[in-house]
Protein chains: 2
Amino acid sequence: VLDLLRALRKDTGGYDLKQCFIGAEGTLGVITAACCRLHPAPRGFGTAFAAVPDADAALDLLGELRHRSGDALTGFELIPAIGLEMVVRHVPGVRPPLDPQTSPWYALIELTSFDSPADAEERLVAGLEAATGRGWVIDAAVAAGEGQRQAFWKLRDAMSAAQKREGASIKHDVSVPLSRLAEFIRDGESLVAERVPGARLVAFGHVGDGNVHFNVSEPVGGDRAAFLAVRENLTAAVHDLVARYGGSFSAEHGVGQLKNAELARYRSPAELALMRSLKAMFDPDGIMNPGKVLPAG
Amino acid sequence: VLDLLRALRKDTGGYDLKQCFIGAEGTLGVITAACCRLHPAPRGFGTAFAAVPDADAALDLLGELRHRSGDALTGFELIPAIGLEMVVRHVPGVRPPLDPQTSPWYALIELTSFDSPADAEERLVAGLEAATGRGWVIDAAVAAGEGQRQAFWKLRDAMSAAQKREGASIKHDVSVPLSRLAEFIRDGESLVAERVPGARLVAFGHVGDGNVHFNVSEPVGGDRAAFLAVRENLTAAVHDLVARYGGSFSAEHGVGQLKNAELARYRSPAELALMRSLKAMFDPDGIMNPGKVLPAG
């Protein structure tokens, strides 16, 4: 039993063993208690749905809003028109604030107020105006009240469920350095178009974190078995592309059992050897969540 | 050679070995390259020097300003009157913005503007007014321009040098949970007064991080050798007190060679055993910064 429950922001007393357990998916030990840092409750939100000309413009807009708001920029989700159309088609009662024909790309943006409740919205509107003047925003709708705010977020939150209704899909949870994200998406689009003609790429996600859910839906009216047969090759090609961009094959979903082979493929022998040593150090008997992350043998 | 230079905010692909090296003081390996996340340059600052009735009030003021400004609160330093007096006495050209007789405790506060340059100052003034109304602030001066801002910071930055001019001192770099910091300082004051009558406690530091430089200057006109003879006992008593508060004997300065014994004393056998295993794993030959953090044998 290891008691690392120190509620300290600064502690340089020896190696920070706690960090080893974060993201280890329970394979190094069982976490039985955690200590949380509380943040002030927000006093209000400014939430917008904006059409942007392309993913590059979305990143410029992100930079502009971060410059104006720092860490008060609390949400920035990239949404492709094709994903928006799927949500509109399958989720009852959803109405997009902008016509999905406005652009191939949209951003759902949220700023948080810490001071006066209206602060975030004022800042957001000023930022959107500046970005519009520089060509980074085509059109934008700002949520008037909590109901509209939730309706905007539903467009994003329903995307996975809506994509499921469009048939089979091959999914990738990847991250790349933020500065190369737009270029990665363009290369990824070409890759999918070449390998699986007619397949529909829905690339969306937490762009502020460099995280993209790079999901490919089967072609309309195509052969599902033929589509699923390319899964392994397509995924390898997408993950190879991610690696060339200095990215990760697992942004937020983890390795589990599904990506054991990816871990072995994309991490260096030196890194893998140390990961195995770390596993053996904390879990010499191999009893912690066996088979996950690093399979035995 | 381990290449962990991934410029990613999200990466759950296996164990995060990079974290082991952070704070390890070079004892696990030599870091040859790092990747930095850039933040937007500030557009302005709001900086204040405030007299507070006591350390509890300083923490209430900190909470109020965090509630109003979130992470735009970028500096919050607690300063005792005795430290302020030492700076005034020894640093030429320094003039405190408030009379050091106003209170036993002061806070140097800085907010950063991301939007309009004046934003931080407006927010700071509103926060100070609210805090004054609630009895957490006695009096405050807001820096008018960059020159005054730098003069305010000089009061804080010169504190260690000024304390050196007051003779011998016994220093502690400790952290405690923020919620118990005021209580810890009170207990620490009593401890010092009991153990070394006449000694002058200068407790100051980055209170937003729960970090206190708990430094004790020798009594005026006392016997220096007698004062320094209590060092080991006093330090043990201070660090025991810190441990009772769930704090750390090393907040930001690290273990090095000076605090090897403290590490062995305050970390559990289970934690120490794993630290030794981690050291052996990364540095089996014991060639990385030997003698630091965990001495051999």
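Predicted model, so just to flag it, every value in this text is computed and none were measured. (Residues numbered from 1 in each chain as written. Chains lettered and ligands numbered in written order. Predicted model: local features only at pLDDT ≥ 70, side-chain atom pairs only at ≥ 80, totals over all residues. Heavy atoms only, no water.)

Novice: For this particular structure, what's the right way to read the overall build of chain A?
Specialist: From N to C terminus, chain A includes 11 helices and 8 strands. Taken over the C-alpha atoms alone, chain A extends approximately 60 × 55 × 35 Å along its principal axes. A fraction of 76% describes how many contacts in chain A between residues 6 or more apart in sequence connect residues 24 or more apart. Accessible surface, chain A: about 13300 Å² in total, of which carbon and sulfur atoms supply 53%. The centroid of the 31 positive side-chain charges in chain A is displaced by 4 Å from the centroid of its 37 negative side-chain charges. (Helix = DSSP H or I, 4+ residues; strand = E, 2+ residues; numbered from the N terminus. Contact = heavy atoms within 4.5 Å. Areas by Shrake-Rupley, 256 points an atom, 1.4 Å probe, with all protein chains shown as cover. Lys, Arg positive; Asp, Glu negative; His and termini not counted. Charge placed at Lys NZ, Arg CZ, Asp CG, Glu CD.)

Novice: Just to check I follow, could you spell out the interface of chain A and chain B for this structure?
Specialist: By a widely used convention, the size of an interface equals the accessible area lost when the partners come together. Taken together, the 68 residues of chain A in the interface contact 68 residues of chain B. The tally of links from chain A across to chain B stands at 12 salt bridges. The closest approach of N and O atoms between Asp11 of chain B and Arg267 of chain A, which form a salt bridge, is 2.9 Å. Here chain A and chain B share 32 residue pairs in polar contact (both at pLDDT 80 or more) between them. (Salt bridge = Lys/Arg side-chain N within 4 Å of Asp/Glu carboxyl O. Polar contact = N/O pair within 3.5 Å; in protein donor to acceptor, adjacent residues only side chain to side chain.)

Novice: Before we go on, may I ask you to explain the pattern of salt bridges in this structure?
Specialist: Between side chains of opposite charge, pairing is possible as soon as their charged atoms come close. Following the criterion strictly, the structure yields 42 salt bridges over all chains and no others. One salt bridge in this structure joins Arg186 of chain A and Asp56 of chain A, with 2.6 Å as the shortest N-O distance. Note that Arg186 of chain A is positioned in helix H7 (residues 181–195) and Asp56 of chain A in helix H2 (residues 55–69), a separation of 130 residues in sequence. Taking the relative accessible area as the measure of exposure, Arg186 of chain A reaches 42% and is therefore partly exposed. Note on Asp56 of chain A: relative accessible area 31%, which makes it partly exposed. In this structure, the salt-bridge partner of Asp283 of chain B is Lys279 of chain B, at a minimum N-O distance of 2.8 Å. Under the relative-accessibility criterion, Asp283 of chain B is labelled buried at 4%. On the basis of relative accessibility, which here comes to 13%, the residue Lys279 of chain B falls in the buried class. (Buried < 20%, exposed > 50% of the residue type's maximum accessible area, 1.4 Å probe, protein only.)

Novice: What should I look at first to understand the packing of aromatic side chains in this one?
Specialist: Two aromatic rings are characterised by how far apart their centres lie and by the angle between their planes. Residues and elements named next belong to chain A. Counting across every chain of the model gives 12 aromatic pairs over all chains. Ring centres 4.9 Å apart and planes at 70° place the aromatic pair Phe21 and Phe282 in the edge-to-face group. A residue pair is termed long-range when its members are at least 10 positions apart, and Phe21 in helix H1 (residues 18–21) and Phe282 in helix H11 (residues 269–282) qualify at 261 residues. Residues Phe21 and Phe282 agree in their burial class; the two are buried. Centroid distance Phe184 to Tyr245: 5.7 Å. Interplanar angle 80°. Geometry classified as edge-to-face. With Phe184 in helix H7 and Tyr245 in the loop between helix H9 (231–244) and helix H10 (260–266), this residue pair connects regions lying 61 residues apart in the sequence. Taking relative accessible area as the criterion, Phe184 reaches 0% and is therefore assigned buried. Aromatic rings pair up to connect Phe49, Tyr106 and Phe152 into one cluster. Note that Arg149 overlies the ring of Phe45, its terminal NZ or CZ placed 3.7 Å from the centroid. (Phe/Tyr/Trp six-rings, centres within 6.5 Å; stacked < 30°, edge-to-face > 60°. Lys NZ or Arg CZ within 6 Å of the ring centre and 35° of its normal.)

Novice: Where do I start with the packing of helix H2 (residues 55–69) of chain B against helix H4 (residues 119–133) of chain B in this structure?
Specialist: Axis angle and axis distance: for two packed helices, these are the angle between their axes and the distance between the axes, and together they describe the pair. All names here are of chain B. Between H2 and H4, the shortest axis-to-axis distance is 10 Å and the interhelical angle comes to 140°. Classed by the angle they form, the pair H2 and H4 counts as oblique. Crossing angle aside, the handedness with which H2 passes H4 is right-handed. On H4, the residues that touch Leu61, Glu64, Leu65, Arg68 and Ser69 of H2 are Arg123, Leu124, Ala126, Gly127, Leu128, Ala130 and Ala131. Looking at side-chain class alone, the contact of H2 with H4 contains 7 nonpolar, 2 polar and 3 charged residues. (Axes fitted to C-alpha atoms, helices over the stretch in contact; angles between N-to-C directions. Parallel < 35°, antiparallel > 145°, perpendicular 65-115°, else oblique. Left-handed = near helix turned anticlockwise from the far one by under 90°. Nonpolar A, V, L, I, M, F, W, Y, C, P; charged D, E, K, R; others polar.)

Novice: So what exactly am I meant to see when it comes to the environment of Leu258 of chain B here?
Specialist: By the element assignment, Leu258 of chain B lies in the loop between helix H9 (231–244) and helix H10 (260–266). Separated by 54 residues in the primary sequence, Leu258 of chain B and Phe204 of chain B place their C-alpha atoms 21 Å from one another.

Novice: Help me understand the relation of the copies chain A and chain B in this model?
Specialist: For the pair of chain copies, the relating transformation is a rotation about an axis with a translation along it. Once chain A has been moved 0.0 Å along the axis and rotated by 180°, it coincides with chain B to within an RMSD of 0.0 Å. Interpreted geometrically, this transformation is the action of a two-fold axis. (Least-squares fit on C-alpha atoms with pLDDT ≥ 70 in both.)

Novice: Teacher, can you tell me more about the confidence of the model for chain A here?
Specialist: Low-confidence regions, as indicated by low pLDDT, have predicted coordinates that should not be scrutinised in detail. When pLDDT is averaged along chain A, the result is 95; 100% of the residues meet or exceed 70. Reported for the predicted complex are a pTM of 0.92 and an ipTM of 0.91. (pLDDT = per-residue confidence, 0-100.)

Novice: I'm lost on the packing of H7 of chain A against H9 of chain A in this one. Help?
Specialist: Residue and element names in this part refer to chain A. The N-to-C vectors of H7 and H9 enclose an angle of 160°; their axes lie 11 Å apart at closest approach. Viewed along their axes, H7 and H9 adopt a mutual orientation that is roughly antiparallel. The element H7 and its partner H9 pack so that their crossing is right-handed. Residues Phe184, Asp187, Gly188, Leu191, Val192 and Arg195 of H7 form the contact with H9, whose participating residues are Asn233, Leu234, Ala237, Val238, Leu241 and Val242. Residues belonging to the contact of H7 with H9 are distributed by class as follows: 8 nonpolar, 2 polar and 2 charged.

Novice: Help me understand the pairing of strand E8 (residues 211–217) of chain A, please; the structure alone is not making it clear to me.
Specialist: Within a regular beta strand, the side chains point alternately toward one face of the sheet and then the other, so they alternate between its two faces. Residue and element names in this part refer to chain A. Of all 7 residues in E8, 7 are buried; the element is thus mostly enclosed. The alternating pattern of E8 places Asn211, His213, Asn215 and Ser217 and Val212, Phe214 and Val216 on opposite faces, both of which are buried. As defined by bridge partners, strand E5 (residues 169–170) adjoins E8 across 2 bridges and the pair is classed as antiparallel. From the neighbouring strand, Ser169 faces E8, where its bridge partner is Ser217. Strand direction decides the pairing type here: strand E6 (residues 173–175) and E8, joined by 3 bridges, are antiparallel. (Pairing = 2+ DSSP bridges.)

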